[in-house]
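Chain residues, written in single-letter form:
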Amino acid sequence: MPSIPFGKPILGEPEQQAVAAVMASGVLAHGPHARAFEDAFAEFTGAPYGVTTGSCTAALHLVYIHLGFGPGDEVIVPAMTHVATAHAVEYVGAKPVFVDAERRTGNIDIEQIENAVTSNTRAISVVHFLGMPVDMEAVNAIARQHGLVVVEDCALALGAYFKQVHAGLWGDVGCFSFYPVKHITTGEGGMVITRSQALADAVRLKRAFGMDKHVGERAVPGLYDILDLGYNYRMGEVQAAMGVEQLKRLPEFLASRKANYETLTAGLKGLVEVELLESSQGHFESSYYCHALVLKNGAAAQRFSLIHELRQRGVGTSIYYPHPVPGLRYYAEKYGFTEGDFPVAARIANASVALPVGPHLRPEDMEFIAAQVKEALVEIRG
Ligand SMILES: *Cc1c(COP(=O)(O)O)cnc(C)c1O
């Protein structure tokens, strides 16, 4: 019986050697690797600027600090996302205004964005749900009309393109995550990409206390000034060295994800209990984070039985995401919550099962997973 984990970072000799070299050098922060990772990431995505951070959440926080948002300001946030997308808005005292998902992809329902805009709205944040890019032309058109900033949470979108432009470059800024189950990992880590030099400079300043000079730039060791109320949100050299090596393998990881996704899609065709979210159509190229099944009819009520049955059969699963963010207790208590206000997000939260397609797996594993899903559905049907 195989055991297929939902996610598993692929780290080997190249990462081990790179990390060992950083440790041997003794330069663990403020060194050359963070800059090398930024340059390589910018080159891969086609971004003019890349700035490393301690996490995607830190990256989003720094962006909202830079934008100067605070109490009284509103940011439109998808209801179906990781809590970090909304938390970053809360950190600066602004208010997340949630918008439901569209049924076809799970992405923010663009048609509902307009209704959520008020005189206090300052930005639209989007998440490329499970790697399927949002229609950024449509989002940008609304943003331009109302003078709003566009922030892309690209934590699941490394390798996702809309009209041949990488996710994160349609909006004003894109934020990425290198948490262990994402497309590449540095353990913990994040990156900002942008076309704006001013934004990149501000994030650089604010991620490191607001210091005017970094270690290598100081004429007199230890002498610096503080220009701003900055944070300590940097990425260390060990992480950055891992990132450089992981990025070299990204094209191979992405090809493997796509092949796995396609094999699994073919294997799951025609199941009456299952609806598959759409991915990669025409101008939309997904980064294939995972494959989400949305259970239909009676099967939805038996989701946990299906998950349990799959686990017995050696298939690891996950749920993206377990609740619409406005339904999480912190947000529900603060702003109130009615599931009926976010029916599509609630449906995905309550009836979906995420299956793995990561590069730790081969197309044969996908055939196995599809066969197990079919048998498990028969099993739970009883
Ligand atoms: C994982 C994730 C984050 C958080 O990333 P961290 O690097 O752990 O801070 C934010 N947004 C989305 C959509 C995510 O999936």
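Keep in mind the model is a prediction, meaning the values are calculated, not measured. (Residues numbered from 1 in each chain as written. Predicted model: local features only at pLDDT ≥ 70, side-chain atom pairs only at ≥ 80, totals over all residues. Heavy atoms only, no water.)

**Overview of the layout of surface pockets**
Where empty space is left in the structure can be found by rolling a water-sized probe over the atoms.
Piece 1. Its boundaries defined by the atoms lining it, the largest pocket holds a volume of some 440 Å³.
Piece 2. Grouping the constituent residues of the lining of the largest pocket by class yields 6 nonpolar, 5 polar and 9 charged.
Piece 3. Taken as a whole, the second largest pocket encloses approximately 200 Å³ of empty space.
Piece 4. In this structure, the second largest pocket is lined by 15 residues; those nearest its centre are C56, T57, H82, S177 and K182. (1 Å grid on protein atoms, 1.4 Å probe; cavity = no way out; pocket = protein on both sides within 12 Å on 5 of 7 lines; lining within 4 Å. Points joined across faces, edges and corners; volume = space filled by probe spheres on them. Nonpolar A, V, L, I, M, F, W, Y, C, P; charged D, E, K, R; others polar.)

**Side note on the sheet that holds strand β9 (residues 190–194)**
Piece 1. Taking strand neighbours across the sheet as the criterion, the 7 strands line up as β1-β9-β8-β5-β4-β2-β3 in an open arrangement whose pairing is mixed. The sheet terminates laterally at β1 (49–53) and β3 (95–99), the two strands that pair on one side only. For this sheet, the mean inter-axis angle between neighbouring strands, taken without regard to orientation, is 25 degrees.
Piece 2. Inspection of the sheet shows strand β2 (residues 74–78) paired to strand β4 (residues 121–127) by 3 bridges, in the parallel sense. Bridging across to β4, I76 finds its partner in I124.
Piece 3. Along the sheet face, helix α2 (residues 32–45) touches β1, β8 (173–177) and β9 and points at about 135 degrees away from the line of β1.
Piece 4. Sheet strands touched by helix α7 (residues 197–206): β1, β8 and β9. Its angle to β1, the strand with the most contacts, is close to 20 degrees. (Pairing = 2+ DSSP bridges. Helix = DSSP H or I, 4+ residues; strand = E, 2+ residues; numbered from the N terminus. Axes fitted to C-alpha atoms, helices over the stretch in contact; angles between N-to-C directions. Contact = heavy atoms within 4.5 Å.)

**Remarks on the site of the ligand**
Piece 1. What surrounds the ligand is a group of 14 residues, the closest being C56, T57, D153, S177 and K182.
Piece 2. Within the side chain of K182, one N or O atom sits 2.8 Å away from an oxygen atom of the ligand.
Piece 3. Between an oxygen atom of the ligand and a side-chain N or O atom of Y321, the distance comes to 2.9 Å.
Piece 4. At a threshold of 2 Å from the grid points, most atoms of the ligand map onto the second largest pocket. (Near = heavy atom within 4 Å. Polar contact = N/O pair within 3.5 Å; in protein donor to acceptor, adjacent residues only side chain to side chain. Sits in = over half its atoms within 2 Å of the grid points.)

**Some words on empty space enclosed by the protein**
Piece 1. As enumerated under the stated definition, the model contains 2 cavities of 30 Å³ or more in all.
Piece 2. By volume, the largest cavity is sized at about 160 Å³.
Piece 3. Around the largest cavity, the lining comprises 20 residues; the ones closest to its centre are K8, V181, K182, R257 and P359.
Piece 4. Here the residues of the lining of the largest cavity sort into 11 nonpolar, 6 polar and 3 charged.
Piece 5. If you add up the space inside the second largest cavity, you get close to 80 Å³.
Piece 6. Along its surface, the second largest cavity is lined by 13 residues, and F129, L130, Y261, E278 and S279 are the ones closest to its centre.
Piece 7. In terms of residue class, the lining of the second largest cavity is built from 8 nonpolar, 4 polar and 1 charged.

**Focus: the state of the cysteines**
Piece 1. By the definition in use, this model includes 0 disulfides.
Piece 2. Between C175, a cysteine without a disulfide, and C56, which holds the nearest cysteine sulfur, the sulfur-to-sulfur distance is 5.5 Å.
Piece 3. Look at C175 and you get buried, because its relative accessible area is 0%.
Piece 4. Summary of cysteine pairing: C290 is not part of a disulfide, and the nearest cysteine sulfur, belonging to C56, is at 16 Å.
Piece 5. On the basis of relative accessibility, which here comes to 3%, the residue C290 falls in the buried class. (Disulfide = S-S within 2.5 Å. Buried < 20%, exposed > 50% of the residue type's maximum accessible area, 1.4 Å probe, protein only.)

**Describing helix α4 (residues 83–91)**
Piece 1. The complete set of buried residues in α4 reads A84, T85, A86, A88, V89 and E90.
Piece 2. On its buried side, α4 packs onto α3 (56–67), β2, β3, β4, β5 (149–153) and α10 (329–335).
Piece 3. Downstream of α4 by a residue or two, G93 has a phi angle that is positive, lying close to 90 degrees.

**Considering the sheet that holds strand β6 (residues 161–162)**
Piece 1. Reading across from one edge, β7-β6-β11 is the order of the 3 strands in this open sheet, with antiparallel pairing throughout. At either margin of the open sheet sits one strand with a lone partner, and together these are β7 (165–166) and β11 (284–285).
Piece 2. Alignment of β6 against β7, held across 2 bridges, turns out to be antiparallel. Pairing of Y161 across the sheet is with H166, part of β7.

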